[in-house]
2 protein chains.
Amino acid sequence: MAAPKLHLDGLKVGQVFHSAEYYVSADEITEFSAKYDPQPFHMDDELAKDSIFKGLAASGWHTVSITMNLLVKSLPLAHGIIGTGVEKINWLRPTRPGDILRINAKITEITISPARPDRARVNIHISTVGQDNKVRQELVGKLLIFRVSQSSGAF
Amino acid sequence: MAAPKLHLDGLKVGQVFHSAEYYVSADEITEFSAKYDPQPFHMDDELAKDSIFKGLAASGWHTVSITMNLLVKSLPLAHGIIGTGVEKINWLRPTRPGDILRINAKITEITISPARPDRARVNIHISTVGQDNKVRQELVGKLLIFRVSQSSGAF
């Protein structure tokens, strides 16, 4: 990424980041599931037909992991993307073989630490969207972000 | 798993499930990160020393994924473990190379669907703990669970 790296003072509420696209193959779905979510509807297309998913569906944790991959490539933070937790995830539709995912991320809250004003908790709302423009997942993550120096104050 | 499969009527608030153990190697940490969270502190021990983590740390999404692996093997639901979302994740400490993780999971809420009484939303609180008994992650997940049949009512 040639984009300049961001510190806390370069972020503001409402700021939006968009990602590139990520192609999801059936092989990647079954490989992830075999390791981390070994259930029939995530691993076998035939068995998945008889499940609530009516066909092979990625693990929600796989959708989340792809979302993180896209976020790392879209949000150039100087200290890296350090998550302290998650306030919400909703899986609205499963990711399917052949899906092309992208994310839209928006800064929704910036709370400077009262005890340590060199850092803030920043909430980010991330929608993970498919090639059909339908949302697969909504997530609100909590990030720890540092100020470049306490004397700078461009924003 | 030889354990009998559970339906909604076999679950109650306060019920607890424990898992086996999961050994986390440095290779698995860097392999996961390369695919889904490609940041220096998750991929390279030397670079990680200069980060907030002070050494190689697993991606939080990797800890979550291992947690799911352990849950699938510990909670024998007849219809499978179908997550509709997450109410909370907190990463309290990073997972490190050589960690041996296990989970303690507790049913905290069961809400029968008003519109479709054959199913319920079940909240499950999962603590992911290391060999040192220190908690790496707390998670509250939302599951969709089906009643075996509407006429049964053992609980």
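Residues numbered from 1 in each chain as written. Chains lettered and ligands numbered in written order. Predicted model: local features only at pLDDT ≥ 70, side-chain atom pairs only at ≥ 80, totals over all residues. Heavy atoms only, no water.

**Some words on the pairing of strand β6 (residues 135-146) of chain A**
Residues and elements named next belong to chain A. Burial analysis of β6 places twelve of its twelve residues in the buried class, the great majority of the element. Pairing analysis gives seven bridges linking strand β3 (residues 83-91) to β6, with the strands arranged antiparallel. Of the residues in β6, the one forming a bridge with G85 is K142. Sheet topology places strand β5 (residues 119-129) next to β6; eleven bridges connect them, and they run antiparallel. Across the sheet, S127 pairs through a bridge with E138, a residue of β6. The turn linking β5 back onto β6 is made up of five residues, and N133 within it adopts a positive phi angle of 65 degrees. (Buried < 20%, exposed > 50% of the residue type's maximum accessible area, 1.4 Å probe, protein only. Helix = DSSP H or I, 4+ residues; strand = E, 2+ residues; numbered from the N terminus. Pairing = 2+ DSSP bridges.)

**What to know about the UniProt feature "domain: MaoC-like" (unreviewed entry) in chain A**
As recorded in UniProt, the feature "domain: MaoC-like" (unreviewed entry) lies at residues 17-113 of chain A. Helix makes up 34% of residues 17-113 of chain A and strand 27%. Its end C-alpha atoms lie 24 Å apart. (UniProt positions renumbered as here; feature names shortened; annotations may be inferred.)

**Digging into the environment of T67 of chain A**
All names here are of chain A. Here T67 shows up in helix α4 (residues 60-72). On a C-alpha basis, the gap between T67 and S127 in space is 8.7 Å, while along the polypeptide they are 60 residues apart. Residues in contact with T67, not counting those within four places in the same chain, are I103, I126, T128 and Q137. Polar side-chain contacts of T67 include one of 2.8 Å to the side chain of T128. A polar atom in the side chain of T67 sits 3.2 Å from the side chain of Q137. (Contact = heavy atoms within 4.5 Å. Polar contact = N/O pair within 3.5 Å; in protein donor to acceptor, adjacent residues only side chain to side chain.)

**Focus: the packing of aromatic side chains**
On inspection of all chains with the given rule, the structure shows eight aromatic pairs over all chains. The rings of F32 and Y36 of chain A together with F32 and Y36 of chain B are connected pair by pair, giving a single aromatic cluster. (Phe/Tyr/Trp six-rings, centres within 6.5 Å; stacked < 30°, edge-to-face > 60°.)

**Topic: the packing of α4 of chain A against helix α1 (residues 26-36) of chain B**
It is at 8 Å that the axes of α4 of chain A and α1 of chain B come closest, and there the two elements cross at 70 degrees. If you check the angle between α4 of chain A and α1 of chain B, you find them roughly perpendicular. Each of H62, S65, I66, M68 and N69 of chain A in α4 of chain A lies in contact with α1 of chain B, whose residues at this interface are F32, K35 and Y36 of chain B. A breakdown of the residues in the contact of α4 of chain A with α1 of chain B according to their chemical character gives four nonpolar, three polar and one charged. (Axes fitted to C-alpha atoms, helices over the stretch in contact; angles between N-to-C directions. Parallel < 35°, antiparallel > 145°, perpendicular 65-115°, else oblique. Nonpolar A, V, L, I, M, F, W, Y, C, P; charged D, E, K, R; others polar.)

**Looking at the nonpolar core**
In this structure, W61, L71 and I89 of chain A together with W61, L71 and I89 of chain B are the most contacted members of the largest nonpolar core, which totals 70 residues. Once residues within four sequence positions are removed from consideration, L71 of chain B is found in contact with I81, I103, A105, I124 and I126 of chain B. (Core = buried A, V, L, I, M, F, W, Y, C linked by side-chain atoms within 4.5 Å.)

**Considering the relation of the copies chain B and chain A**
With an RMSD of 0.0 Å, chain B superimposes on chain A once it is rotated by 180 degrees and translated 0.0 Å along the axis. What we have between these two chains is a two-fold relation. (Least-squares fit on C-alpha atoms with pLDDT ≥ 70 in both.)

**Looking at the interface of chain B and chain A**
Facing the 37 residues of chain B at the interface are 37 residues of chain A. Interface area for chain B against chain A, summed over the two sides, is near 2,800 Å², with a carbon-plus-sulfur share of 60%. Looking at the side of chain B facing chain A, the largest losses of area belong to Y36, W61 and V86 of chain B, adding up to 24% of the total buried there. Counting every contact that joins chain B to chain A gives two salt bridges. Here E31 of chain A and K35 of chain B are joined by a salt bridge, their closest N and O atoms 3.0 Å apart. The tally of links between chain B and chain A comes to 18 residue pairs in polar contact (both at pLDDT 80 or more). Elements with a minimum of two residues in the side of chain B that touches chain A: α1, α4 (60-74), β3 (83-91) and β6 (135-146) of chain B. Considering each element in turn, the side of chain B that touches chain A owes the most residues, nine residues, to β3 of chain B. Pairing geometry for β3 of chain A and β3 of chain B, over four bridges, is antiparallel. What sits directly across from G85 of chain A, in β3 of chain B, is N90 of chain B. (Buried area = accessible area lost by both parts, 1.4 Å probe. Salt bridge = Lys/Arg side-chain N within 4 Å of Asp/Glu carboxyl O.)

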